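Single-letter residue listing:
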Amino acid sequence: MIISLIGYMGSGKSHISKILSDKIDFKLIDLDKEISRRNKLTIPEIFEKKGEIHFRKLEREALEEILASEENVILSLGGGTPVYYNNMEIINHNSRSVFLRTSVGTLVERLSKQKEKRPLIANISDKDLPEFIAKHLFERNQFYSKAQISVGTDDREPEDIVKEIIEKLYL
């Protein structure tokens, strides 16, 4: 079984996937880390040197390969992964998808501290960040909402979120 965690950047996909992986003893794959490993470049370096379109092609190739796996995997996806090509459809067809639903306020609070690590918001002022996130999240929610399971993350401990995911997956 493959369990794919989706959600906006800052929703906790990496952190929750690690805890979930440990709890149910599934292999953990972070899609962005896998792309970095394969290309020997960080995600910001790929964006800078090759552009977002090239990154999205690399992302799609890695996604298809991982979803074809027969292993038990927790797959932590990039925030934009479900938005491109027909990725959300192949995610749902080849895995159990879990949307980590997070409010704009929580995302702004988390992401304002991590801007230099996030290519899409690195050059956005703190003043403009809430509007950017709100607009971006609105555009992406049509894809995120196609997930088979949705779990709220605001003001919750990671262990409680993982417990809810496990319950909803009937594991």
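From a predicted model like this one, the values you see are computed outputs, not experimental measurements.

A. Local environment of the pattern of salt bridges. If you walk through the whole model with that rule in mind, you get 15 salt bridges. Between E164 and R156 there is a salt bridge, and its shortest N-O distance comes to 2.6 Å. Here K168 ties to E164 by a salt bridge, and the two come within 2.9 Å at their closest N and O atoms. Note that K168 and E164 are positioned in helix α8 (residues 158-169) at a spacing of four residues, about one turn of the helix. Take K168: its relative accessible area is 33%, and that puts it in the partly exposed class. Through salt bridges with shared partners, a single network forms among E34, R37, R38 and E65.

B. Focus on the side chain of R140. Residue placement: R140 occurs in helix α7 (residues 129-144). Salt bridges are absent for the buried R140, whose nearest opposite-charge side chain, E52, sits at 5.3 Å. Looking at R140, its side chain comes within polar contact range of the main-chain oxygen of G79, at 3.3 Å. Not counting residues up to four positions away in its chain, the partners in contact with R140 are Y8, R56, G79, G80, V83 and L120.

C. Inspection of the packing of aromatic side chains at higher detail. Applying the stated rule across the entire model yields two aromatic pairs. Ring plane angle 35 degrees and centroid distance 5.2 Å describe the contact between F99 and Y144, whose orientation is recorded as tilted. Taken as a pair, F99 in strand β4 (residues 96-101) and Y144 in helix α7 lie far apart in primary sequence, 45 residues in all. Take F99 and Y144: they sit in the same class, and that class is buried.

D. Looking closely at the packing of helix α3 (residues 43-50) against helix α4 (residues 52-67). As a packed pair, α3 and α4 sit with axes 7 Å apart at the nearest point and diverge in direction by 130 degrees. Between α3 and α4, the angle is such that the two are oblique. Only E52, H54, F55, R56 and L58 of α4 make contact with α3, whose side of the interface consists of I43, I46, F47 and K50. Class assignment for the residues of the contact of α3 with α4 results in five nonpolar, one polar and three charged.

Cut-off values and rules
Residues numbered from 1 in each chain as written. Predicted model: local features only at pLDDT ≥ 70, side-chain atom pairs only at ≥ 80, totals over all residues. Heavy atoms only, no water. Salt bridge = Lys/Arg side-chain N within 4 Å of Asp/Glu carboxyl O. Helix = DSSP H or I, 4+ residues; strand = E, 2+ residues; numbered from the N terminus. Buried < 20%, exposed > 50% of the residue type's maximum accessible area, 1.4 Å probe, protein only. Lys, Arg positive; Asp, Glu negative; His and termini not counted. Polar contact = N/O pair within 3.5 Å; in protein donor to acceptor, adjacent residues only side chain to side chain. Contact = heavy atoms within 4.5 Å. Phe/Tyr/Trp six-rings, centres within 6.5 Å; stacked < 30°, edge-to-face > 60°. Axes fitted to C-alpha atoms, helices over the stretch in contact; angles between N-to-C directions. Parallel < 35°, antiparallel > 145°, perpendicular 65-115°, else oblique. Nonpolar A, V, L, I, M, F, W, Y, C, P; charged D, E, K, R; others polar.

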